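Secondary and tertiary structure notes
Spelled out, the chains give:
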Amino acid sequence: MVWNEDYRKWQELKQLLMGGTGGSKIVVTTRSNQVAKITGTIPPHRLEALPYDKSFSLFLQSAFKRGEEKQHPNLVKIGEEIVKKSKGVPLVVKALGSLLFTKTSEHDWKLVKDSEMWELMENENEIFSILKLSYDQMPPYLKQCFAYCSLYPKDYDFSEFELLQFWMAHGLLESSNKTEYSDVIGRQYLNGLLSRSLFQEYDDGLIYNTFKMHDLLHDLASSVAKNECCIVKSFDQNIGQGIRHVCLVNSESPGENASKFFNKLGQVRTLRFPDMGNGPINKSLIETCLKRLQHLRVLDLSWSNLQVLPKRIGNLKHLRYLNLTGNSNIKKLPNSICKLQNLQSLFLVGCDQIEELPKDMSYMISLRFLTLTTKQRVLHGFERLKSLQHLVIVDCGNLEYLFEGVQKLTSLHTLVIGGCKNLVSLPHGLKYLTSLQSLIIGDCEKLDLSTTQGFKETGDNDNQDNLVDNGLCLQKLGIGYLPKLEALPQWLLRGSTNTLKYLSIEGCENLTTSPEWHSVTSLENLEIIACPKVSTLPQKMQCLKQVKIQDCHVLSERCKQESGVDWPKIAHASRIYLDGTKISLKE
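In short, a report on the structure. For every chain, the first residue of the written sequence is number 1, and numbering continues from 1 onward in sequence order. Per-residue local features are limited, in this predicted model, to residues with pLDDT of at least 70; the limit for side-chain atom pairs, both in listing and counting, is 80 or more; totals at the level of whole chains, interfaces and linings are taken over all residues. Hydrogens and water molecules were not included; the side-chain quantities draw on all heavy atoms of the structure.

**Some thoughts on unusual backbone geometry**
Going by this rule: Numbering of helices and strands runs from the N terminus, with a helix taken as a DSSP run of H or I at least four residues long and a strand as a DSSP run of E at least two residues long. Whether a residue is buried, partly exposed or exposed follows from its accessible area with a 1.4 Å probe, protein chains only, as a fraction of its type maximum: under 20%, in between, or over 50%, in that order.
Despite not being glycine, Asp443 shows a phi value in the positive range, around 55°. Turning to its location among the elements, Asp443 is positioned in the loop between strand E13 (438-442) and strand E14 (476-480). Judged by its relative accessible area of 48%, Asp443 falls in the partly exposed class. Within the chain, Tyr481 stands out as a residue other than glycine whose phi angle is a positive 55°. Position of Tyr481 relative to the elements: it lies in the loop between E14 and helix H15 (490-493). Here Tyr481 falls in the partly exposed class, since its relative accessible area comes to 43%.

**So, empty space enclosed by the protein**
Convention followed: Here a cavity denotes a set of grid points, spaced 1 Å apart and computed over the protein atoms alone, in which a 1.4 Å probe fits but from which it cannot get out, and a pocket denotes an open set meeting protein on both sides within 12 Å along at least five of seven lines; residues with an atom within 4 Å of a point are reported as lining. Grid points are joined across faces, edges and corners, and a volume is the space filled by probe spheres set on the points. The classification used treats Ala, Val, Leu, Ile, Met, Phe, Trp, Tyr, Cys and Pro as nonpolar, Asp, Glu, Lys and Arg as charged, and all other residues, Gly among them, as polar.
Applying the stated criterion across every chain yields a total of two cavities of 30 Å³ or more. Lining of the second largest cavity is provided by Glu160, Phe161, Leu164, Gln165, Asp183, Arg187, Tyr208 and His390. Broken down by element, the lining of the second largest cavity gets its largest block of residues, four residues, from helix H10 (residues 160-169). Of the residues in the lining of the second largest cavity, the class split is three nonpolar, two polar and three charged.

**A look at the pattern of salt bridges**
Quick reminder of the rule: Salt bridge, as used here: a side-chain nitrogen of Lys or Arg that lies within 4 Å of a carboxyl oxygen of Asp or Glu.
What the rule picks out here adds up to 16 salt bridges. One salt bridge connects Asp360 with Lys359, and the closest N-O pair in it is separated by 3.4 Å. Owing to a relative accessible area of 68%, Lys359 belongs among the exposed residues under this scheme. Put simply, Lys569 and Asp566 hold a salt bridge, and the shortest N to O gap is 3.2 Å. For the pair formed by Lys569 and Asp566, the shared burial category is buried. Salt bridges sharing partners connect three or more residues here, namely Asp155, Asp157 and Lys212.

Dropping the structure here:
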């Protein structure tokens, strides 16, 4: 197995291998994509997880002598559960099986089944050294990012968006280049972890990607972070003085123990209450937290049964990340939240009972990432949030217009609007946002993209006559379930003809092909689903890598392999999916 990523050292080793017989082959195994690129002479083959039946067969071979498993059906039954924990990693399967070889006590097997895998593996030199090697070879900034993942529960569905904000709140995404977006740095770091196979089940989304971490790697993260990060299951639990990041997952009722517990956490920087809808979270507990924990940078109260957010929240002057996602009982946020001058990320999606957002939100000058749900008809003051980079507005059933002055958000590069059934039009100033890279609009039944109206766009020093309408320069565009959409409007595509790489259109039953459609030449990923009136594809898609067409009868016929009229337009793509079937391409 090769792990060194130094190209010069590989060249030195390569010279020693040149004396072999003609036709000899060398197989290199590695956990690092970078090593695969350096050493490979052909494209690398990425091994998938071992199927369950093969994992179980390997486990039985490692845990029993041949045929001996038939004498211990009770142990085999326990072994089935152990194999599920391995999630198809052969090294783990073999190590766990070897650990149980010659042991016939149900107690020993159940101990393995119920234990943390890291505790089991720490004395297994082979697996410990290999996994620890991946960690030891990381640069320092990646080590810290990896360690902080231990604050999320096992089998957690990580969202790229959420994790990057968490890292950013702790200053892990700083750059000497002031013009570089923090989420761009974060994606580079995330790719660094992905290239080392530290995440799995990676799923590409239109804007935000999701992934998971293997239980064994989660245990590794917990092990290396044990002096800083702690998952707390009881208010009686003792934690070290150096602990700075806490995830509370207990189901006790708050009381005197809770107060004493928080008294010990004065220097904590992170406090997470993940999905505590049935747990102890209430105003009294939060009041205690806010009173004691004055140095918090991250506060996660997502999916709790919280009904009132205390006014004391405004005293957390160091707070950079506040997650209130899914708090459907909150009707009003205290205006004191607007005192959080350092707050960078605010999550309010799913807070569908909020009648009106705080009136002084325009003073939250550091806010970069905002997701929200509200019962308001019109949004106010957002044009002053000039640091805003990501804005997500979903399930705002009463919303009819966004806000005037949208062209002042010169840092905005991602805008998501979904589930706003009464939204009529988008503001005219949207087309002046040349920094906007990703635009997602979906499930807005009254929205007419052919018009950009609403407010008359005015500003103090931003005279609209001085704005140059060069059009948007989008890289990603997603449109879904807009029944009023009949053609992609010119203002939406004009400036993006040479920049648009990802286009997804779904459920637009009245959409037809328009002239602007054919001007897009830079597409790499094209997805068209349930658009029955779309009859042809863009003309020039030389960069196309992936195409997916589904439930579009006319278009599917035109894209049939070899015989379809539009087949030559997509034949060069490396991945083609037509009506759920992956097309096998000839070499």
